[in-house]
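Each chain, letter by letter, is given below.
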Amino acid sequence: MKMRVINLIKRAAAVLLFAPAVALAAGASVHLDKAPVSTDPAALQHGAKLFVNYCLNCHGASYVRYNQLQNIGLSEQMIRDNLMFTGEKVGDLMKISMARDDGKVWFGAAPPDLSVIARSRASGDGSGADWLYTYLRQFYRDPARPTGWNNVIFENVGMPHVLWELQGEQVAKVTENADGSKHVELSLAKPGKMSAEEYDKSIADLVSFLVWMGEPVAEKRKTIGTFVLIFLAGLFVLSYALKKNYWKDIH
């Protein structure tokens, strides 16, 4: 009787342990395009411009200060003249004035803070950058939605397509696969201000900035890590030589 109880407990523990993994594996998989993330200052500066002009009205970046943009090659004066429009101080956080409750009423859900969105959107389908790069290029017209827009990888999204003037208006042709899943094919119905190549490049720059914003010191961290590894390798060589010299007379 005692062994039976122990076995039941083990089985229950195994179910609880592997249930989350099974649930994740059973979730709908989406195809993500590979994001061409860049660390080039010009690309990051262009991404910052797009972020401030098109994203910062509804989405904050409350873990990033304006003056941190100096790390991508902007001076304080350039930041004030081109990226600050409401009298903030250059040392202020990149917050918005919209209250979360208002955002929930207007969009159905409060717009998320984007400080670490490129990291939080990572999944088994790809990196957070891949998800953002795909998402921002796959909006299409949907008259059934309150905003008039829908998205291939985020069905029934509450966010409108704020970049539609740049990309243009896409329409979707939806077909059902044999397994019951849907296949959505997009086509451009009304051109925007940019060509498809120009828009993809702009989205790549915006995503690169969002990746940078998630860890502004990433490049510095990698550089320091490289030097630390080189130092440890040299220390190992010296330590091994010392060990050989110390034990040579004993052996």
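Residues numbered from 1 in each chain as written. Predicted model: local features only at pLDDT ≥ 70, side-chain atom pairs only at ≥ 80, totals over all residues. Heavy atoms only, no water.

Caption draft 1: Quick peek at the overall build of the protein chain. Scanning the protein chain from terminus to terminus reveals nine helices and six strands. Evaluated residue by residue, the protein chain yields a buried proportion of 29% over its 251 residues. In the protein chain, the proportion of contacts linking residues at least 24 apart, taken out of those at least 6 apart, comes to 61%. With the model as given, the accessible surface of the protein chain reaches about 16400 Å², and the carbon-plus-sulfur share is 59%. (Helix = DSSP H or I, 4+ residues; strand = E, 2+ residues; numbered from the N terminus. Buried < 20%, exposed > 50% of the residue type's maximum accessible area, 1.4 Å probe, protein only. Contact = heavy atoms within 4.5 Å. Areas by Shrake-Rupley, 256 points an atom, 1.4 Å probe, with all protein chains shown as cover.)

Caption draft 2: Highlighting the UniProt feature "transmembrane region" (unreviewed entry) in the protein chain. Those residues carrying the UniProt feature "transmembrane region" (unreviewed entry) are residues 224-242 in this numbering. Within residues 224-242, the helical portion is 100% and the strand portion 0%, while the C-alpha atoms at the span's ends are 27 Å from each other. (UniProt positions renumbered as here; feature names shortened; annotations may be inferred.)

Caption draft 3: The pattern of salt bridges, seen in detail. Under the definition given, this model contains seven salt bridges. We note a salt bridge from D200 to R137, for which the minimum N-O separation is 3.1 Å. With D200 in helix α8 (residues 196-214) and R137 in the loop between α6 (128-135) and β3 (139-141), this pair connects stretches of sequence that are 63 residues apart. The class of D200 is partly exposed, set by a relative accessible area of 25%. Judged by its relative accessible area of 16%, R137 falls in the buried class. Each of the salt bridges in this network shares a partner with another, and the network as a whole consists of D33, R137 and D200. (Salt bridge = Lys/Arg side-chain N within 4 Å of Asp/Glu carboxyl O.)

Caption draft 4: Summary view of the layout of surface pockets. By volume, the largest pocket is sized at about 640 Å³. Forming the boundary of the largest pocket are 32 residues, of which H59, P112, L114, Y135 and M159 lie nearest the centre. Residue assignment for the lining of the largest pocket shows that the elements contributing at least two residues are α2 (41-55), α5 (117-120), α6 and α8. The dominant element in the lining of the largest pocket, judged by the number of residues it contributes, is α6, at three residues. Its boundaries defined by the atoms lining it, the second largest pocket holds a volume of some 540 Å³. Together, 17 residues line the second largest pocket, and V30, V152, K182, H183 and V184 are the ones closest to its centre. For the lining of the second largest pocket, a count of residues per class yields seven nonpolar, seven polar and three charged. (1 Å grid on protein atoms, 1.4 Å probe; cavity = no way out; pocket = protein on both sides within 12 Å on 5 of 7 lines; lining within 4 Å. Points joined across faces, edges and corners; volume = space filled by probe spheres on them. Nonpolar A, V, L, I, M, F, W, Y, C, P; charged D, E, K, R; others polar.)

Caption draft 5: Molecular detail of the side chain of N150. One can find N150 in strand β4 (residues 149-151). If near-sequence neighbours (up to four positions away) are discounted, N150 is found in contact with Q138, F139, Y140, D142, R145, E155, N156 and V157.

Caption draft 6: A look at a nonpolar patch on the surface. A cluster of nonpolar residues, I224, V228, L229, F231, L232 and L235, forms a patch on the protein surface that exposes about 580 Å² of accessible area. Looking at where I224 falls in the secondary structure, it is placed in helix α9 (residues 218-247). (Patch = residues over 30% accessible without salt bridge, like charges linked within 9 Å, V, L, I, M, F, W, Y side chains within 5 Å.)

Caption draft 7: Highlighting the packing of aromatic side chains. If you walk through the whole model with that rule in mind, you get eight aromatic pairs. For the ring pair F51 and F209, a centre distance of 5.6 Å and an interplane angle of 45 degrees mean the geometry is tilted. Pair noted here: F51 is in helix α2 and F209 is in helix α8, with a separation of 158 residues, a long-range link. We note that F51, like F209, is buried. Taken together, the aromatic side chains of W131, Y135, F139 and F154 make up a single cluster linked through ring pairs. It is R137 that lies over the ring of Y133; its NZ or CZ is 4.2 Å from the centre. (Phe/Tyr/Trp six-rings, centres within 6.5 Å; stacked < 30°, edge-to-face > 60°. Lys NZ or Arg CZ within 6 Å of the ring centre and 35° of its normal.)

Caption draft 8: The arrangement of the side chain of D130 in detail. Position of D130 among the secondary structure elements: in helix α6. Look at D130: it is buried, it has no salt bridge, and the nearest opposite charge is K34 at 4.1 Å. Those residues in contact with D130, other than ones at most four positions away along the chain, are L32, D33, K34 and A35. (Lys, Arg positive; Asp, Glu negative; His and termini not counted.)

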